[in-house]
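# Inside the fold
Okay, here's what each chain looks like letter by letter:
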Amino acid sequence: MADRSSAGHPKWLRRFHEPEPGAPRLLCLPHAGGSASFYFPVSKALSPAVDVRAAQYPGRQDRAGEPFAHSVQELAQGVFDALDERDRTQPALFGHSMGALVAFELARLLENAGRPPAVLFLSGSRGPSVERTESLHLDDDARLVEEVVRLDGTDAAVLQDEELLQLVLPALRADYRVVETYRPAPGPRLGCPLVVLTGDADPRVTPDEARAWARETDGPFECHVHPGGHFYLVARQQAVLAGIEAALRRFAPGAGAAL
């Protein structure tokens, strides 16, 4: 199905399927090197019962001509500015890997604006209080590709095609810079529910590092550890989506107008 932009927000937000009236909304934030289309299967599986939207970051696919963002906060602000400030509906947020950091900063902006997320799903990411010095974005292309292969997050055909590889490497490097230089500003703890998901064999995140997200909220907290590595959510899609639907029923029992 063709990628259709959300009405009024063609640059930052995508909606692939029409939801039923009153469906709870789920705004998805992609991982490093990822794009909105990563969440097409999520939209297909959850629609029309859930109104799934996905963010499209600058510097990739149809936004390839735009400069990359320089920080997690810049990405969060871009998504926030694309939302209709007149709409007071509380969306749920789902972010994987880098997207979890973007979702966290977006949740901060939403809470500060008086429309906290119904629930914040954080996947494949260490809590921001976990400090680890990393500088992969400064390494050469071969080392960057090696890391992508280790995480099993990119189609092998892309990595074996030099022309395609040169198209995706700039976005990957820019996103790794964004992640590795991320430092959250001091601020109050969130009040919304946090649901953390991670893989038990993730080489970048241990279950304990994922559970550190509990320090960021005064609301309900859950952590679900799935079998698998950094992209456990691809192989475990059915179980992950069932968990999302269950959490939406608990925390977002009513939603409204479009973003």
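Scroll up for the structure.
Note that the structure is a prediction, hence the values are computed from the model and not measured.

### With respect to the side chain of Thr198
- Among the secondary structure elements, Thr198 is positioned in strand β6 (residues 194-199).
- Classification of Thr198 as buried rests on a relative accessible area of 0%.
- Not counting the four nearest positions on each side in its chain, Thr198 is found in contact with Gly124, Val205, Pro207, Ala210, His224, Val225, His226 and Tyr232.

### Re the layout of surface pockets
- Volume-wise, the second largest pocket comes out at about 190 Å³.
- Considering the residues around the second largest pocket, the lining is formed by 13 residues, among which Phe38, Val42, Leu233, Val234 and Gln237 are closest to the centre.
- Looking at the lining of the second largest pocket, the elements with two or more residues in it are β2 (25-29), α1 (40-46), α8 (232-235) and α9 (237-251).
- Looking at which element gives the most residues to the lining of the second largest pocket, the answer is α9, with 4 residues.
- Here the residues of the lining of the second largest pocket are counted per class, giving 12 nonpolar, 1 polar and no charged.

### Some thoughts on the environment of Ala212
- When you line up the elements, Ala212 lands in the loop between α7 (207-211) and β7 (221-226).
- When its relative accessible area of 4% is taken as the criterion, Ala212 is described as buried.
- In this structure Ala212 touches Gly127, Ser129 and Val130, once residues within four positions along its chain are discounted.

### So, unusual backbone geometry
- Note that the residue after Ser47, namely Pro48, is joined by a cis bond; omega there is 5°.
- As for its position among the elements, Pro48 is in the loop between α1 and β3 (51-55).
- In this structure, Gln61 is a non-glycine residue whose phi angle is positive, near 45°.
- Following the sequence through the fold, Gln61 ends up in the loop between β3 and α2 (72-82).
- The exposure class assigned to Gln61 is partly exposed, which follows from its relative accessible area of 46%.

Rules behind the numbers
- Residues numbered from 1 in each chain as written.
- Predicted model: local features only at pLDDT ≥ 70, side-chain atom pairs only at ≥ 80, totals over all residues.
- Heavy atoms only, no water.
- Helix = DSSP H or I, 4+ residues; strand = E, 2+ residues; numbered from the N terminus.
- Buried < 20%, exposed > 50% of the residue type's maximum accessible area, 1.4 Å probe, protein only.
- Contact = heavy atoms within 4.5 Å.
- 1 Å grid on protein atoms, 1.4 Å probe; cavity = no way out; pocket = protein on both sides within 12 Å on 5 of 7 lines; lining within 4 Å.
- Points joined across faces, edges and corners; volume = space filled by probe spheres on them.
- Nonpolar A, V, L, I, M, F, W, Y, C, P; charged D, E, K, R; others polar.

By themselves, these figures tell us nothing about what the structure is for.
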